[in-house]
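Chain by chain, the residues run as shown.
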Amino acid sequence: MDTSLVSSESVELLSRITGQQLRQQDLTPTVRFIAALVTVLLGLIYADGTVEDEEKQWLQTTLEQFVPSESNVRRLTHLIFKGVIKNQVYAKTNQLRTLTAPLSGSERFLLLTFCYQMSAANNKMDYPEQRYLEAIAKRLGIEQRHLAVLEQQFNGLVMFEPAALDEVHDLLKPSQFHMLDSVLVQAAGDMLAVLPAKQ
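In this text the structure is predicted, and so the values were computed from the model without any measurement.

Draft legend 1. Representation of the pattern of salt bridges in the model. This model, assessed by the stated rule, comprises 7 salt bridges. The partner of Lys56 in a salt bridge is Asp53, with the nearest N and O atoms 4.0 Å apart. Taken together, the residues span about one helical turn, with Lys56 and Asp53 both in helix H3 (residues 53-66) at a distance of 3 residues. Its relative accessible area of 44% is what places Lys56 among the partly exposed residues. A salt bridge links Arg145 to Glu167; the shortest N-O distance between them is 2.7 Å. Of this pair, Arg145 sits in helix H8 (residues 144-154) while Glu167 sits in helix H9 (residues 162-171), placing them 22 residues apart in sequence. Salt bridges sharing common partners tie together Glu143, Arg145 and Glu167.

Draft legend 2. Geometry of the nonpolar core. Of all hydrophobic cores here, the largest spans 62 residues; its most connected members are Leu14, Phe33, Val84, Leu111, Leu112, Phe114 and Leu172. For this core, the leading source of residues is helix H2 (residues 29-47), giving 12 residues. Discounting chain neighbours no more than four positions away, the residues touching Leu111 are Phe33, Ala36, Leu37, Val40, Thr100, Leu103 and Leu140.

Draft legend 3. Just the environment of Gln20, in detail. Within the secondary structure, Gln20 sits in the loop between helix H1 (8-18) and H2. C-alpha separation for the pair Gln20 and Leu79, spaced 59 residues apart in sequence, amounts to 8.7 Å.

Draft legend 4. Looking closely at helix H4 (residues 72-87). Relative to the 22 Å expected for 16 residues at 1.5 Å per residue, H4 spans 22 Å between its end C-alpha atoms, a close match to the ideal helical length. Gln88 sits one or two positions beyond H4 and adopts a positive phi of about 45°.

Draft legend 5. Region of interest: empty space enclosed by the protein. Taken as a whole and assessed by the stated rule, the structure comprises 1 cavity of 30 Å³ or more. What the largest cavity holds in volume is close to 40 Å³. Looking at the largest cavity, the residues that line it are Ser10, Leu14, Arg32, Ala35, Thr98, Leu99 and Pro102. Along the lines of polarity and charge, the residues of the lining of the largest cavity split into 4 nonpolar, 2 polar and 1 charged.

Draft legend 6. Molecular detail of the environment of Gln176. Tracing the sequence through the fold places Gln176 in the loop between H9 and helix H10 (182-194). Spatially, the C-alpha atoms of Gln176 and Glu107 are 7.9 Å apart, while their sequence positions differ by 69 residues. Not counting the four nearest positions on each side in its chain, Gln176 is found in contact with Ser106, Asp170 and Leu171.

Draft legend 7. Seen up close, the side chain of Glu107. Position of Glu107 relative to the elements: it lies in helix H6 (residues 105-121). Comment: no salt bridge for buried Glu107; closest opposite-charge side chain is Arg108, at 7.1 Å. Within the structure, the side chain of Glu107 is placed 2.8 Å from the backbone nitrogen of Ser104, a separation counted as a polar contact.

Parameters at a glance
Residues numbered from 1 in each chain as written. Predicted model: local features only at pLDDT ≥ 70, side-chain atom pairs only at ≥ 80, totals over all residues. Heavy atoms only, no water. Salt bridge = Lys/Arg side-chain N within 4 Å of Asp/Glu carboxyl O. Helix = DSSP H or I, 4+ residues; strand = E, 2+ residues; numbered from the N terminus. Buried < 20%, exposed > 50% of the residue type's maximum accessible area, 1.4 Å probe, protein only. Core = buried A, V, L, I, M, F, W, Y, C linked by side-chain atoms within 4.5 Å. Contact = heavy atoms within 4.5 Å. Expected span 1.5 Å × (residues − 1). 1 Å grid on protein atoms, 1.4 Å probe; cavity = no way out; pocket = protein on both sides within 12 Å on 5 of 7 lines; lining within 4 Å. Points joined across faces, edges and corners; volume = space filled by probe spheres on them. Nonpolar A, V, L, I, M, F, W, Y, C, P; charged D, E, K, R; others polar. Lys, Arg positive; Asp, Glu negative; His and termini not counted. Polar contact = N/O pair within 3.5 Å; in protein donor to acceptor, adjacent residues only side chain to side chain.

Structure below.
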């Protein structure tokens, strides 16, 4: 995560979303990652115009797993969640760009893996969800061959391009997430564990 990219625009946007007067030091790497995560996952939930109970449950469980219940980050996450829905941030490309600008390539890829996990939570990926995943991957700057690895993994296929699979392994190495809380580092490790071994 490039902390130099945490602009006044990011602080202003998250202040507006949460209804709080935030400062740059309030936007820790984990808070910034969670704000981007909430935004892309809500975008996926609303992509097909219907909100499935399984998707809502998966999102709630996931956020609770990453954010300690007795913390300011939990309160801020709740405000981000409400604000993203109210302001439909997930549908605004410029705001999504502002939220994801400080994230590294590995962190952006991890966001996309969460999207695929949630999409798989209700055991079906419909066309609007597929289109959203492709669009969000493009906005996040995810290379097509890395996206293909995720698509193949979550569709139960076993034909992986060896070089792309190796690159995805490198993107998800726990050392890539040293600025995030340990539970997020563990999430990257969990995703890595379900992929086929490096070639």
